[in-house]
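# Structural description and commentary
One-letter residues, chain by chain:
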Amino acid sequence: MVLLLGQYSVGKTTFIRHLIGRDFTGIRIGPEPTTDRFVAVMKGPEDKTIPGNALVCAADRPFRSLEKFGGAFLDKFECAECNTAHGAKILD
């Protein structure tokens, strides 16, 4: 799993797009602060967005321990699954 941290508009999401070779569900890119959440980009059978509350309940996901941070955090956390050949888990 790779975690990308940095100020807004420094290219974190653009780097992920380049790494996986495509856009992903829920992508937000712009000159002003556009990403107000933590996004886990993961390989999946189809393109979809999964909210944080569902991620921490899923036994097949590595995010169960994040439940302790509560609802305010989970409201700002989501997973963007995309059908790509790249199998890395990336947090933006």
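Here the residue index of a chain counts from 1 through its sequence in written order. In keeping with the model being predicted, local features are shown solely for residues with a pLDDT of at least 70 and side-chain atom pairs are shown and tallied solely at 80 or more, while totals for entire chains, interfaces and linings include all residues. Side-chain figures throughout are based on the complete set of non-hydrogen atoms in the structure, without hydrogens or water.

Turning our eyes to something else, we now look at the overall build of the protein. Numbered from the N terminus, helices here are DSSP runs of H or I no shorter than four residues, and strands are runs of E no shorter than two. Check the secondary structure of the protein and you find three helices and five strands. Along the protein, from the amino end to the carboxyl end, the secondary structure elements read β-α-β-β-α-α-β-β. Residue exposure (1.4 Å probe, protein chains only): buried if accessible area is under 20% of the type maximum, exposed if over 50%, otherwise partly exposed. Looking at the protein residue by residue over its 92 residues, the buried ones come to 32%. Just so you have it, the protein exposes about 5600 Å², and 55% of that area is on carbon and sulfur atoms. The Shrake-Rupley method, run with a 1.4 Å probe sphere, supplies the accessible areas, and residue values consider only the shown protein chains as cover.

Let us now look at the pattern of salt bridges. By definition here, a salt bridge exists when the distance from a side-chain nitrogen of Lys or Arg to a carboxyl oxygen of Asp or Glu is within 4 Å. Summed over all chains, the structure comprises four salt bridges. D47 is paired through a salt bridge with R22; the nearest N and O atoms lie 2.4 Å apart. Of this pair, D47 sits in the loop between strand 2 (38-43) and strand 3 (48-51) while R22 sits in the loop between helix 1 (12-20) and strand 2; the two residues are 25 residues apart in sequence, bridging distant segments of the chain. Taking the relative accessible area as the measure of exposure, D47 reaches 38% and is therefore partly exposed. The class for R22 is partly exposed, based on a relative accessible area of 26%.

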